[in-house]
Number of protein chains: 4
Amino acid sequence: MGNTFGHLFRITTFGESHGGGVGVVIDGCPPRLEISVEEIQAELNRRRPGQSKITTPRNEADQCEILSGMMDGKTTGTPIALLVRNKDQRSQDYDEMAVKYRPSHADATYDEKYGIRSWQGGGRSSARETIGRVAAGAIAKKILHQVAGVEIIGYVKRIKDLEGVVDPETVTLEQVESNIVRCPDSNAADRMIDLIEQVRKEGDSIGGVVECVARQVPKSLGMPVFDKLEADLAKGVMSLPASKGFEIGSGFAGTLLTGSEHNDEFYTDENGNIRTVTNRSGGVQGGISNGENIIIRVAFKPTATIRKEQNTVTNEGEAVTLAAKGRHDPCVLPRAVPMVEAMVALVLCDHLLRHQGQCGVL
Amino acid sequence: MGNTFGHLFRITTFGESHGGGVGVVIDGCPPRLEISVEEIQAELNRRRPGQSKITTPRNEADQCEILSGMMDGKTTGTPIALLVRNKDQRSQDYDEMAVKYRPSHADATYDEKYGIRSWQGGGRSSARETIGRVAAGAIAKKILHQVAGVEIIGYVKRIKDLEGVVDPETVTLEQVESNIVRCPDSNAADRMIDLIEQVRKEGDSIGGVVECVARQVPKSLGMPVFDKLEADLAKGVMSLPASKGFEIGSGFAGTLLTGSEHNDEFYTDENGNIRTVTNRSGGVQGGISNGENIIIRVAFKPTATIRKEQNTVTNEGEAVTLAAKGRHDPCVLPRAVPMVEAMVALVLCDHLLRHQGQCGVL
Amino acid sequence: MGNTFGHLFRITTFGESHGGGVGVVIDGCPPRLEISVEEIQAELNRRRPGQSKITTPRNEADQCEILSGMMDGKTTGTPIALLVRNKDQRSQDYDEMAVKYRPSHADATYDEKYGIRSWQGGGRSSARETIGRVAAGAIAKKILHQVAGVEIIGYVKRIKDLEGVVDPETVTLEQVESNIVRCPDSNAADRMIDLIEQVRKEGDSIGGVVECVARQVPKSLGMPVFDKLEADLAKGVMSLPASKGFEIGSGFAGTLLTGSEHNDEFYTDENGNIRTVTNRSGGVQGGISNGENIIIRVAFKPTATIRKEQNTVTNEGEAVTLAAKGRHDPCVLPRAVPMVEAMVALVLCDHLLRHQGQCGVL
Amino acid sequence: MGNTFGHLFRITTFGESHGGGVGVVIDGCPPRLEISVEEIQAELNRRRPGQSKITTPRNEADQCEILSGMMDGKTTGTPIALLVRNKDQRSQDYDEMAVKYRPSHADATYDEKYGIRSWQGGGRSSARETIGRVAAGAIAKKILHQVAGVEIIGYVKRIKDLEGVVDPETVTLEQVESNIVRCPDSNAADRMIDLIEQVRKEGDSIGGVVECVARQVPKSLGMPVFDKLEADLAKGVMSLPASKGFEIGSGFAGTLLTGSEHNDEFYTDENGNIRTVTNRSGGVQGGISNGENIIIRVAFKPTATIRKEQNTVTNEGEAVTLAAKGRHDPCVLPRAVPMVEAMVALVLCDHLLRHQGQCGVL
């Protein structure tokens, strides 16, 4: 358990940083969806290492193979298995980390929990695990777009204390992809890139905030009580490596307002649709989408693995210092953008099917 | 679906604000746990309405009946069903809200999703639903305490912009319960209470932040990938009514640090235990508890239902104004404290059993 | 775990033979279904003890209370909780069985597994647990009937070696209910009743076979691989107390034919529907319903609890004899009929929603 | 959904007869289990086609690759992904069956349900899907053997009307594997082989019964109510292709006895263990294992795909005849033996972990 996400549109990921490869099995995909390996690959390319000077130089093409579940370019309704082989592995970089625990990394807790650990490249705790999520997210996005024209756009909102100005109502994928840090505010983006390069040179790392908007989301996705849409979104993104916080709509800042300031008043638009004047709810009320834009933010901590020397202990508890070798991202944010989008897509797609299941028969 | 939480220690809640009652079925509880209805009731009393001048005056004793799953004061390993009858119902207060949608409430989305709605008292979206969670949480707390001495203590950290100074290492339940707003910083508490009373008089509402610490948590709870401990904690508390944000450890503030500033260096303590010098991780690394204190924060928005007049629409889309009648909390925070504790307890207890299941056989 | 059944239309039962009562929470029911407590009660009355001279004389009205999930006689899409109080309890009948294990009963295995046991009336292993299933089944039946006119009719096919002649194509509920043993072949029924009465007098018990047909089942219910329709039907009925075997269509007898004898040839009927000439498949091919009648059979062993003296041991392993007191069914078959129907309805309804969820969006 | 089995020891299979391959992801495997690819391969070899003159001549080595979840020959507690490439594919054999529905096969129902179908080799309905089950079953068997010395031995009990005499108490794997039909009664085996060869020559097929015993099973596996051990066993084996019936212990024959004849009397053995004199219960009472041998039987129908000409229709409903090309098993029983064993192992292993999870903490 623990490697499966979703109920009706359900994914199971597998694989480690080093070894045979990583992948995903997608179960419950609606049949007859047209999707090509190139469409999936396009999302994987946004996630892959070595894509720019501010990401890890590990050079993986992350070429995706579809093992099952497709026929003549269409889904068949049976499990879609996707496999990406590991190629550019350098186990020797991890020799030292086989015994020395990286501070704030999963090394120690994996060892404690399982008594064994695939230590090369972080094993299962490696961000390579998210390949399966991003690939599955590409399929979920396509379904959502086809059914309702849903657009899911993530972007870097803040790197350390450098914040971009972005309008979630109008931001486009092109704007996001126009620079390597994936911040649509190009002025801020330049400064962010400079900062990341500087931090990398220092052998250190930084974090920040990814914001993600989902537009054209159908009403009625999400469920009362435990499977509220925001609860499932929170779980989805908080399961990404390095995430430390989640907000929807007004989030923590909303707690500074009074109810009369915070509430989203209703009105009826020219087409007779019930809408809200403001959107502090972030597109979800009572756990259920209301048709307004869904807006979330995710905090990502600075990368744990750094070249700077740190105090730590070995797996036998001996005090040592560690200056990590290997190829690591000085900042995960640019590559986290497609991961956040994927989790949002997976949650929305699952709830689309669940809503159809419960409410589409009578 | 959507009304069940947990895998091995699994709860299913039922019931609406008005009607036969609310309750919970707890499946998977370990056998032979000694627990009395009084212990469960004690937690319910911390959650119940009418407990102080700053909560809703709806007067419910919330007396809990154990329907099944117990024998001679001990759990039997079979489902524990708990029922609380609704008593102090005033449906007539909701007559107007049967047709007028409360801004930022679940009225409109429930109507849209299901085409029918139990409108009295908010029906299933009422905070009364959390009775089942708090009752189940009392049992989860007892298990955790018995197995490992776990202490779970929540408290109000901030009301609007009034923030208390609290040390999660040392805060006690007695300090939390020493005032009606449940902020262990008594100076801040006084100001918080004044502010809530003032806001109530204005017919408005306010929100804030609950912090919760879990101490003496065993190592190894939580799982890699989707069921990371922080992901399940996020889902748990983000499924509470009115929650808008979640943080663990350093949270959003941690994104302002560099990796070398943020990382928790390891050391070996006098007993040979591997510990961390700092705890920006909030007790979880790689999704798995590391034995340090688990610390989370939850943002709660100002209560949606207010007496102040607001613009809204009817269920037929007609523009109207609404000044909500009924008895509502001007601030949910004091009563949210036991709810947050309950969700933390449920997540930890479920992961305790899951860890035992996977790793306890070989 | 273990007390929940179904994925989208999901039930959780609770309660023991003695104590507060038994019941069920139904999660995922489609909204706006009209159903009355009387309709549910009608099914419970077919299951209740004391209904005739050949069932246990324990006299329970099994009056059902709807605690939640309904509004103005319609389902709301939120959990429906149903409660039946225990009334006619005689704990003293079980004093001896608190320490003496009934052969072939759950007493010993519950004690071993949990180290504690609600011994009055069999506790959780009592057939009273099936009240929740039958109540939920009544709702599932109504949905299936409303959506597609599905008819689910169970009946006693055989008692010990007395077999009835029944045509599943045409059998009616009225025929089933025309006698107290629920065998539509009235000649066989008379002999069955005589045999049960005779066995009861001897302090012994007997078993037999229930057959159940589901007519007008929509095509496409069920899924490839693990959640084949026949697999879920098998699980459903094999979870009923006292069941020892399951068959669908030709079942064990079908293994005596060759493929050319056994295969159901296809033809196109006057309405252009693809049908099968024969129905040895029992309405399911490749795990998916094909629109033909679904026909299953379930073997129920003779009731374990008998008045005849038997050798056994106490919970401390001491050899003793036991002649069971209490009020027990000499033959569970007549009351098992509505239980089997309920499980079939629950499986079909769940798969109806699941199919709609996966295949109804694109 | 539908391609996952188990709760704590959970498998998800993927793949079709033709295409990239078939495989399985095993989630929840206990860490530090030593297992080699050869041990898994040994079970796959018992299942593979082309193993003898009485199975399909399709020649697949079914060589298994471990993609993840292992380190230094031990499981790591993370998902184990296993992949078997398809090699000996002959799509052209299925050209005719792309449009003509095979009687009693999944062709028609898949087409109806999904509106698309991977028709080569039966696609997802092919018995190749069971490769993943058998591979996962090898791991489950190893766990069960290591924890408690469990032995799971399946064998052919009956082919059409030819029944072998086998003692489940003493039968060995060597006896089962001593002939190609996997019936430990060598006299019966010879006649069975002759019959299968004759039927093959006639272009027809036959079915039969597989019996499976699990010895040394720990007490306390299985749960009251829905997840009774026999219910999960029934679901497991009834999800195998071509299965039509399931029995445990006395099964259907047990319905011919009275309670006093059928009940398994208890006694205390020389070691102080509570045992039963007889074992009509088949090792399970009240849904929970009692430590006696678990004995089940599964009915497999004659293979649907035969060379003999049959009446059928095309996917457009046109009446045609079909004499199936391709390479098919005249009798699935010999290859079904390891499949049944695998499902029994998967169910027992999952319940072993679940029992440990609920009952191993207090």
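Residues numbered from 1 in each chain as written. Chains lettered and ligands numbered in written order. Predicted model: local features only at pLDDT ≥ 70, side-chain atom pairs only at ≥ 80, totals over all residues. Heavy atoms only, no water.

Here's the deal with the relation of the copies chain A and chain C
With an RMSD of 0.0 Å, the operation that places chain A on chain C is a rotation of 180° combined with a shift of 0.0 Å along the axis. Between the two chains, the operation in question is that of a two-fold axis. Among all residues of chain A, the minimum C-alpha distance to the rotation axis is found for A:Gly357, at 1.9 Å. Interface residue correspondence from chain A to chain C reaches 100%, placing this contact among same-surface, isologous pairings. (Least-squares fit on C-alpha atoms with pLDDT ≥ 70 in both. Contact = heavy atoms within 4.5 Å.)

Thoughts on the interface of chain A and chain B
The interface of chain A with chain B comprises 102 residues on the first partner and 102 residues on the second. Between chain A and chain B the total buried area reaches about 7,900 Å² when both faces are included, carbon and sulfur atoms providing 61% of it. At the boundary of chain A and chain B, one finds 4 salt bridges. In this structure, B:Lys235 and A:Asp232 form a salt bridge, with 2.5 Å as the shortest nitrogen-oxygen distance. For the pair chain A and chain B, the interface holds 41 residue pairs in polar contact (both at pLDDT 80 or more). The class makeup of the residues in the side of chain A that touches chain B is 38 nonpolar, 38 polar and 26 charged. (Buried area = accessible area lost by both parts, 1.4 Å probe. Salt bridge = Lys/Arg side-chain N within 4 Å of Asp/Glu carboxyl O. Polar contact = N/O pair within 3.5 Å; in protein donor to acceptor, adjacent residues only side chain to side chain. Nonpolar A, V, L, I, M, F, W, Y, C, P; charged D, E, K, R; others polar.)

Quick word on the UniProt feature "binding site: NADP(+)" (unreviewed entry) in chain A
Residues and elements named next belong to chain A. As recorded in UniProt, the feature "binding site: NADP(+)" (unreviewed entry) lies at Arg47 and Lys53. Within the fold, Arg47 resides in helix α1 (residues 37-47). Note on Arg47: relative accessible area 0%, which makes it buried. Once residues lying within four places of it in the same chain are set aside, the contact partners of Arg47 are Asp62, Ala127, Arg128, Thr130, Ile131, Val134, Arg335, Pro338 and Met339. When you line up the elements, Lys53 lands in the loop between α1 and β4 (64-66). A distance of 3.5 Å separates polar atoms of two side chains, one belonging to Lys53 and the other to Glu197. (UniProt positions renumbered as here; feature names shortened; annotations may be inferred. Helix = DSSP H or I, 4+ residues; strand = E, 2+ residues; numbered from the N terminus. Buried < 20%, exposed > 50% of the residue type's maximum accessible area, 1.4 Å probe, protein only.)

A word on the UniProt feature "binding site: FMN" (unreviewed entry) in chain A
Residues annotated in UniProt with the feature "binding site: FMN" (unreviewed entry) correspond here to A:Arg124, A:Ser125, A:Ser126, A:Gly286, A:Lys301, A:Pro302, A:Thr303, A:Ala304, A:Thr305 and A:Arg327. Spanning 204 residues, the named residues are also spread out in space, since their farthest C-alpha pair is 44.0 Å apart. As for its placement among the helices and strands, A:Lys301 is situated in the loop between β16 (294-300) and β17 (310-313). When residues no more than four places from it in sequence are discounted, the contact partners of A:Lys301 are A:Ser104, A:Ile206, A:Gly207, A:Ala242, A:Lys244 and B:His262. A polar side-chain atom of A:Lys301 sits 2.9 Å from the main-chain carbonyl oxygen of A:Ser104. Considering the arrangement of structural elements, one finds A:Pro302 in the loop between β16 and β17. Not counting residues within four places of it along the chain, the set of residues in contact with A:Pro302 comprises A:Ser205, A:Ile206, A:Gly207, B:Gly254, B:Leu257, B:Thr258, B:Gly259 and B:His262.

Here we look at the interface of chain A and chain C
In many reports, interface size means the accessible area that the parts give up when they come together. Contacts between the two partners involve 19 residues from chain A and, on the opposite side, 19 residues from chain C. Area buried by chain A at its contact with chain C is led by A:Gln358, A:Val361 and A:Leu362, which between them contribute 38% of it. Seen at the junction of chain A and chain C, the total is 6 residue pairs in polar contact (both at pLDDT 80 or more). Those elements giving two or more residues to the side of chain A that touches chain C turn out to be α3 (130-148) and α8 (333-359) of chain A. Ranked by residues supplied to the side of chain A that touches chain C, first place goes to α8(A) with 6 residues. Class assignment for the residues of the side of chain A that touches chain C results in 11 nonpolar, 7 polar and 1 charged.

Some details on the sheet that holds strand β11 (residues 243-248) of chain D
Taken together, 10 strands build an open sheet; the order of strands is β9(C)-β8(C)-β10(C)-β16(C)-β11(C)-β11(D)-β16(D)-β10(D)-β8(D)-β9(D) and the sheet is antiparallel. What marks the edges here is a single partner per strand, and that holds for β9 (162-163) of chain C together with β9 (162-163) of chain D. Two strands pair when backbone bridges link them, and strand β8 (residues 151-159) of chain C and β9(C) are joined in this way by 2 bridges, in the antiparallel orientation. Across the sheet, the residue bridging to C:Ile159 is C:Leu162, located in β9(C). Each of β8 and β9 of chain C is contacted by helix α5 (residues 186-201) of chain C, which is oriented at about 60° to β8(C), the strand it contacts most. Packing of helix α5 (residues 186-201) of chain D onto the sheet brings it into contact with β8 (151-159) and β9 of chain D, and relative to β8(D) it is tilted by some 60°. (Pairing = 2+ DSSP bridges. Axes fitted to C-alpha atoms, helices over the stretch in contact; angles between N-to-C directions.)

Side note on the pattern of salt bridges
Residues and elements named next belong to chain D. Summed over the entire model, instances satisfying the criterion amount to 129 salt bridges over all chains. One salt bridge in this structure joins Arg58 and Glu60, with 2.8 Å as the shortest N-O distance. Pair check on accessibility: Arg58 and Glu60 agree, each one buried.

What about the side chain of A:Gln41?
All names here are of chain A. If you trace the backbone, Gln41 turns up in helix α1. Here Gln41 falls in the buried class, since its relative accessible area comes to 8%. From its side chain, Gln41 meets the backbone oxygen of Asp62 in a polar contact 2.9 Å long. Sequence-distant contacts of Gln41, defined by excluding residues within four places in its chain, comprise Ala61, Asp62, Gln63 and Cys64.

What to know about the packing of aromatic side chains
Residues and elements named next belong to chain B. Counted by the stated rule, this structure contains 14 aromatic pairs over all chains. Measuring from centroid to centroid gives 6.2 Å for Tyr110 and Tyr114, while their planes differ by 75°, and the two rings are edge-to-face. Here Tyr110 pairs with Tyr114, and both are found in helix α2 (residues 107-114), just 4 residues apart, close to one helical turn. For the pair Tyr110 and Tyr114, a shared accessibility class is recorded, and that class is buried. (Phe/Tyr/Trp six-rings, centres within 6.5 Å; stacked < 30°, edge-to-face > 60°.)

Topic: the pairing of strand β11 (residues 243-248) of chain B
All names here are of chain B. When you tally the buried positions in β11, you get 6 out of 6 residues, the bulk of the element. Summarising the sheet, β11 and strand β16 (residues 294-300) pair through 5 bridges and their orientation is antiparallel. Bridge pairing links Ser243 to Phe300 in β16.

Considerations on unusual backbone geometry
It is generally the case that most residues other than glycine have a negative phi and that most peptide bonds are trans. Despite not being glycine, B:Val225 has its phi angle at roughly 70°, a positive value. Along the chain, B:Val225 turns up in the loop between β10 (208-215) and α6 (229-238).

Examining the relation of the copies chain A and chain B
Mapping chain A onto chain B leaves a residual RMSD of 0.0 Å; the transformation is a rotation of 180° accompanied by 0.0 Å of translation along its axis. When the interface residues of chain A are mapped onto chain B, 100% of them again lie at the interface, so the same face is used by both copies.

Re the pairing of strand β18 (residues 319-322) of chain D
Residue and element names in this part refer to chain D. The side-chain alternation of β18 yields one buried face, formed by Val320 and Leu322, and one unburied face, formed by Ala319 and Thr321. Two elements, strand β17 (residues 310-313) and β18, share 4 bridges in a ladder whose sense is antiparallel. Directly across from Val313, in β18, lies its bridge partner Ala319. Hairpin connection from β17 to β18: 5 residues lie between these consecutive antiparallel strands, with Gly317 at a positive phi of about 90°.

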